[in-house]
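Read off the chains here:
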Amino acid sequence: MLSKPLCLFLSAMMATTSLAAAADGRVAADRHGPAYTVDGRLVAPADYREWVYLSSGLDMSYNPKAMASPSPMFDNTFVNPESYRAFASTGRWPDKTVIVLEVRGSAGKGSINQRGHYQSGGVQGMDVHVKDTARFQGGWAFFSFDDGAAPAKQIPVAEACYTCHSAHGAVDTTFVQFYPTLLPVAQQHSTLSAAYLKDTAKLVRSPN
Ligand code: HEC
């Protein structure tokens, strides 16, 4: 049997440990959440290259008449790891999700490469989509960091970003239909948007 003072000491220790764990847990859970300046600008996520990779688009265009570019651009998308894990088990984005889309140029010939394209050069632009329901009307907001790493103002809700994402995004205004590890999760959890289901039904009716 433990003597009373030791027992008290141990339970005090345990209380401290669980507090520390809770504090750690909180820090870990919020570690990659959005950070803002006092005037509401979003701070550019610094370590997004260590987040979960979703996909890359190469020379994507929404214009049916767009020509293939001789020097196509890549876009790479990353999401904070906590939100990726939550999506993987529920098919939904939790609050404080941050998705980064970075744009990079490409090259064709270089080193031993003879055909196809690879990513080359620095980041040419970065857009961020943030879910923060207490802060943004509609729950989500867009930010653009084209001018480097300075904190960015929210893109006004009247901009086309919001219209296209809500009219065509597969889950909660995000383009999960282009994120191959997440689309099957959304299908499994039936979290696909009505707008996306309507788009795909149209495609099935007229494949061209
Ligand atoms: C005409 C439709 C359309 C418009 C307008 C549009 N986007 Fe997107 N957006 C897309 C598509 C398609 C993807 C998926 C890209 C991929 O798969 O690489 C995407 C992905 C994104 C992502 C990755 C996160 C997500 O929601 O899936 C961000 C961030 C983003 N767009 C920002 C913007 C911003 C900022 C604007 C406005 C300045 C904008 N978009 C306007 C179609 C659009």
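S.K.: Looking at this structure, I do not really get the overall build of the protein. What am I missing?
M.R.: In terms of regular secondary structure, the protein is built from 5 helices and 5 strands. The proportion of buried residues among the 208 residues of the protein is 23%. Within the protein, contacts between residues separated by at least 24 positions form 52% of all contacts whose residues are at least 6 apart in sequence.

S.K.: When you look at the nonpolar core in this model, what are you seeing that I'm missing?
M.R.: General note: in soluble globular proteins, nonpolar side chains tend to be found buried as a group. Among the nonpolar cores identified, the biggest contains 30 residues, and Phe 78, Val 79, Val 100, Val 128, Val 130, Phe 143 and Val 176 are the most heavily contacted of them. When contributions to this core are tallied by element, the ones reaching two or more residues are strand S1 (52-58), strand S2 (74-79), helix H2 (81-90), strand S3 (98-107), strand S4 (118-131) and strand S5 (140-144).

S.K.: Honestly, the site of the ligand in this entry has me stumped. Any pointers?
M.R.: The full set close to the ligand counts 22 residues, and Gly 57, Cys 161, Cys 164, Phe 175 and Phe 178 are the nearest of them. If you list the elements that add at least two residues to the shell around the ligand, you get S1, S2, S3, S4, S5 and helix H3 (160-168). In terms of residue count, H3 provides more of the shell around the ligand than any other element does, 4 residues in total. Residues that form the shell around the ligand fall into these classes: 12 nonpolar, 7 polar and 3 charged.

S.K.: What's the story with unusual backbone geometry in this structure? I'm lost.
M.R.: Phi is mostly negative for residues that are not glycine, and the peptide bonds are mostly trans. In this structure, Lys 96 takes a positive phi of about 75 degrees despite not being glycine. If you trace the backbone, Lys 96 turns up in the loop between H2 and S3. Its identity as a non-glycine residue notwithstanding, Ser 190 has a phi of 50 degrees, on the positive side. One can find Ser 190 in the loop between helix H4 (183-189) and helix H5 (194-205). Given 7 C-beta atoms within 10 Å, Ser 190 falls into the exposed group.

S.K.: Looking at this model, I keep getting lost on the confidence of the model for the protein. Mind explaining?
M.R.: Detailed reading of predicted coordinates is not advised where the pLDDT is low. On average, the protein scores 86 in pLDDT, and the residues at 70 or more come to 83%. Long-range and interchain partners of residues 1-29, a stretch whose pLDDT sits below 50, account for 3 contacts in this model, where long-range means more than four residues apart.

S.K.: Can you walk me through the environment of Glu 159 in this structure?
M.R.: Tracing the sequence through the fold places Glu 159 in the loop between S5 and H3. A residue is classified by how many C-beta atoms lie within 10 Å of it, and Glu 159, with 12 of them, is exposed. In the structure, Glu 159 is positioned 17 residues away from Phe 142 in sequence and 9.6 Å away in space, judged by C-alpha atoms.

S.K.: Even after reading the chapter, I still don't get the sheet that holds S2, so can you show me in this structure?
M.R.: Strand-to-strand pairing in sheets goes through backbone hydrogen bonds, with the strands running parallel or antiparallel. Reading across the sheet, the 5 strands line up as S1-S2-S3-S4-S5 and stay open at both edges, with antiparallel pairing between neighbours. Looking along the sheet, the strands with just one partner apiece sit at the ends: S1 and S5. Sheet twist, expressed as the mean angle between neighbouring strand axes with direction ignored, is 25 degrees. Relative to S3, S2 runs antiparallel, the two sharing 6 bridges. Residue pairing in the sheet places Val 79 in a bridge with Ile 99 of S3.

S.K.: Where do I start with the pairing of S4 in this structure?
M.R.: Put simply, side chains in a regular strand alternate between the two faces of the sheet. In this sheet, S4 lies alongside S3 in antiparallel orientation, the contact comprising 10 bridges. Looking across to S4, one finds that Val 100 is bridged to Val 128.

S.K.: How do you make sense of H5 when you look at a structure like this?
M.R.: Given 3.6 residues per turn, any residue in an α-helix points the same way as the ones three and four places further on. Between its first and last C-alpha atoms H5 spans 17 Å; for 12 residues at 1.5 Å apiece the expected length is 16 Å, and the two agree. The buried fraction of H5 amounts to 0 of the 12 residues, a small share that puts the element mostly on the outside.

S.K.: Help me understand the pairing of S5 in this model?
M.R.: Counting buried positions along S5 gives 4 out of 5 residues, so the element sits mostly inside the fold. Relative to S5, S4 is paired through 5 bridges, and the arrangement is antiparallel. Bridge assignment links Val 130 to a residue of S5, and that residue is Ala 141.

The rules behind these values
Residues numbered from 1 in each chain as written. Predicted model: local features only at pLDDT ≥ 70, side-chain atom pairs only at ≥ 80, totals over all residues. Helix = DSSP H or I, 4+ residues; strand = E, 2+ residues; numbered from the N terminus. Buried ≥ 20, exposed ≤ 12 C-beta atoms within 10 Å, placed from the backbone. Contact = placed C-beta atoms within 7 Å. Core = buried A, V, L, I, M, F, W, Y, C linked by C-beta atoms within 7 Å. Near = placed C-beta within 6 Å. Nonpolar A, V, L, I, M, F, W, Y, C, P; charged D, E, K, R; others polar. pLDDT = per-residue confidence, 0-100. Pairing = 2+ DSSP bridges. Axes fitted to C-alpha atoms, helices over the stretch in contact; angles between N-to-C directions. Expected span 1.5 Å × (residues − 1).

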